[in-house]
Amino acid sequence: MKILIISTNQEKLPMPVAPVGAGYIAAVLREHTHTAEILDLCFVKDAISAIKMRIHSFKTDLIGISMRNLDNSTAFGSISYIDNLKKFTDAVKDTASVEILIGGSGFSSAPAPLLDFLDLKYGIAGEGEKAILKFIQYLSGEINIADVPNLVYRHNGEIKINSVDTFIRLSELPKPAWDLIDLRRYVKHGGYGGIQTKRGCGFKCVYCSYPVIEGARYRLRTPGFVVDEIEKLHIENGI
């Protein structure tokens, strides 16, 4: 299956953050013999045109939309990204005739109201690596919709959320598909190459979404895997 992942993150200042979540999803898809591409909107001037052009050129079977933040996380001069996201998802719906699946940390913070506002049919709340593979199985008729973990979907006029699976063994995940993301451009504009060393958090800080998205249990990556990824980022991307 061919999957196009659209990273809607457009925050450029003070430092742009490369879409590591989309990178992990693309890597897992490729590991399971699917073809994946990432359309990163961070440095795109005309996002709507870019979305339409990539959909036409890639001939995708499924479109994943990655939403990192609800807003710019600034107390003074706060900017919401939701209205722009609606423009992006509407453009996708107007252009593509395939299923659309939205996810990411921003979406996972408020999955039901966002799915409703964006008028989408499917989303993933929480970790997406296992869920998107199961979702593809569902689209292929191999499993029932209730068997897709973390899936948010419409059923008989209501929005339902399947049981949440927040325990992916990080040592089993491939390295993010950084070759699909222009990391050098992120560094040029004040960003960096992101390394994920763990998931989950046992604290309950009111301002933080990590326990909601990744669960309350710490899961650490193997130190050797982390060092290998740092080395690869340095050698291949000059980070």
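A brief structural summary. Remember, predicted model here, so these are calculated numbers, not experimental data.

1. Description of the nonpolar core
In terms of nonpolar packing, the biggest core is built from 36 residues, with I5, L29, L101, I132, F135, L151 and I181 touching the most fellow members. Mapped by element, the contributors of at least two residues to this core are strand 1 (2–7), helix 1 (20–31), strand 2 (35–40), strand 5 (122–124), helix 6 (129–139), strand 6 (151–155) and helix 7 (183–188). Broken down by element, the residue count for this core peaks at seven residues, all from helix 1. Beyond its immediate chain neighbours, meaning those up to four positions away, I5 contacts A22, I25, A26, L29, E37, I38, L39 and G64. Core analysis: the second largest hydrophobic core is formed by 24 residues, I51, I63, L118 and V152 among them.

2. Comments concerning the packing of helix 1 against helix 6
Remark: helix 1 packs on helix 6, axes separated minimally by 9 Å, with the N-to-C direction vectors making an angle of 50 degrees. Viewed along their axes, helix 1 and helix 6 adopt a mutual orientation that is oblique. Considering how the two elements wind past one another, helix 1 and helix 6 form a crossing that is right-handed. Residue-level contacts link Y24, I25, V28 and L29 of helix 1 to E129, I132, L133 and I136 of helix 6. Class assignment for the residues of the contact of helix 1 with helix 6 results in seven nonpolar, no polar and one charged.

Here is what the cut-offs are and how they apply
Residues numbered from 1 in each chain as written. Predicted model: local features only at pLDDT ≥ 70, side-chain atom pairs only at ≥ 80, totals over all residues. Heavy atoms only, no water. Core = buried A, V, L, I, M, F, W, Y, C linked by side-chain atoms within 4.5 Å. Buried < 20%, exposed > 50% of the residue type's maximum accessible area, 1.4 Å probe, protein only. Helix = DSSP H or I, 4+ residues; strand = E, 2+ residues; numbered from the N terminus. Contact = heavy atoms within 4.5 Å. Axes fitted to C-alpha atoms, helices over the stretch in contact; angles between N-to-C directions. Parallel < 35°, antiparallel > 145°, perpendicular 65-115°, else oblique. Left-handed = near helix turned anticlockwise from the far one by under 90°. Nonpolar A, V, L, I, M, F, W, Y, C, P; charged D, E, K, R; others polar.

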